[in-house]
Amino acid sequence: MQPPSNSMQRVREHLRVNWLNWPPLEPVAGANVSACLLPRRNVGTEKQGDESKTKAHPVRHNAPERFPGEGMKRGVQRSILVVDDEENFLTLIKWFLSNRGFDIATTPSAAESLDLVRKRTFDVALLDIRLGEGVDGLSLLESLTERQPGIKVIVMTAYPTVSCIRQAFDKGASRFFTKPVDLKELSETIKSL
């Protein structure tokens, strides 16, 4: 097994800090997502006689909550296109938003995303600015809004700059997130668009 990448370590830390009752994950697209997460432990106190002993025990996970109505707007399921070159992030975001009732399509490249946009329409697009293939998310943003003028675009990056944020909004972005993204806030933002 390969050591986790720096981005995966950031995802683990984000999940460890922000999600107290993280449910066990089912494989998504053949990837074992649970193996990427840190084991969760709570510290409990057990009394034996007059002495107190502190003992670590695993957190009991409940079944994952499903929010089928969250992905709906005016009774129609919202479709979301996610473009990011990090496969781990795509797997996580697909799992998270699918459980909330959104129709998710993910792709690691700009070319594939443009093919998807030709085939179907999307309500919202989540774009990473640095796609790692010579095409940046800002030029993809322009192409998407030309092909689908009604699409709402959320731009994400781990390397925000003032000029980058300004360019994103000038080219039609609705929102801007800095990675690591707070998934709960992202879900609320998508619902509000």
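Placed above this text is the structure.
In this text, all values refer to a predicted model and were calculated from it rather than measured experimentally.

1. Regarding the nonpolar core
Leu 81, Leu 127, Leu 140, Leu 144 and Val 155 are the most contacted members of the largest nonpolar core, which totals 22 residues. Sorting the residues of this core by element identifies β5 (79–83), α3 (110–119), β7 (124–128), α4 (137–147), β8 (152–157) and α5 (162–170) as the ones contributing at least two each. Looking at this core element by element, the count peaks at four residues for α4. Setting aside anything within four residues of it in sequence, one finds Leu 81 in contact with Ala 105, Thr 107, Ser 113, Leu 116, Val 117, Phe 122, Val 124, Ala 125, Leu 126 and Leu 144. Counting residues in hydrophobic clusters, the runner-up holds 21 residues, among them Val 124, Met 156, Val 181 and Leu 193.

2. A few points about the packing of helix α2 (residues 87–98) against helix α6 (residues 183–192)
Where α2 contacts α6, the two axes come as close as 11 Å, and the packing angle between them is 55°. Judged on the interaxial angle alone, α6 and α2 are oblique. In this structure, α2 crosses over α6, and the sense of that crossing is right-handed. For the pair formed by α2 and α6, the contact residues are Leu 92, Ile 93, Phe 96 and Leu 97 on the first element and Leu 183, Lys 184, Leu 186, Ser 187 and Ile 190 on the second. Broken down by class, the residue content of the contact of α2 with α6 amounts to seven nonpolar, one polar and one charged.

3. As for the pattern of salt bridges
Counted by the stated rule, this structure contains six salt bridges. We note a salt bridge from Asp 128 to Lys 179, for which the minimum N-O separation is 3.3 Å. With Asp 128 in strand β7 and Lys 179 in the loop between β9 (175–178) and α6, this residue pair connects regions lying 51 residues apart in the sequence. Across the pair, Lys 179 and Asp 128 agree in class, each one buried. Notably, a salt bridge pairs Lys 171 with Glu 142, separated by 3.7 Å at the nearest N-O pair. Linking Lys 171 in the loop between α5 and β9 with Glu 142 in helix α4, this pair joins segments that are 29 residues apart in sequence. By relative accessible area, Lys 171 is classed as partly exposed at 28%. Overlapping salt bridges bring together Asp 84, Asp 128 and Lys 179 as one network.

About the thresholds
- Residues numbered from 1 in each chain as written.
- Predicted model: local features only at pLDDT ≥ 70, side-chain atom pairs only at ≥ 80, totals over all residues.
- Heavy atoms only, no water.
- Core = buried A, V, L, I, M, F, W, Y, C linked by side-chain atoms within 4.5 Å.
- Buried < 20%, exposed > 50% of the residue type's maximum accessible area, 1.4 Å probe, protein only.
- Helix = DSSP H or I, 4+ residues; strand = E, 2+ residues; numbered from the N terminus.
- Contact = heavy atoms within 4.5 Å.
- Axes fitted to C-alpha atoms, helices over the stretch in contact; angles between N-to-C directions.
- Parallel < 35°, antiparallel > 145°, perpendicular 65-115°, else oblique.
- Left-handed = near helix turned anticlockwise from the far one by under 90°.
- Nonpolar A, V, L, I, M, F, W, Y, C, P; charged D, E, K, R; others polar.
- Salt bridge = Lys/Arg side-chain N within 4 Å of Asp/Glu carboxyl O.

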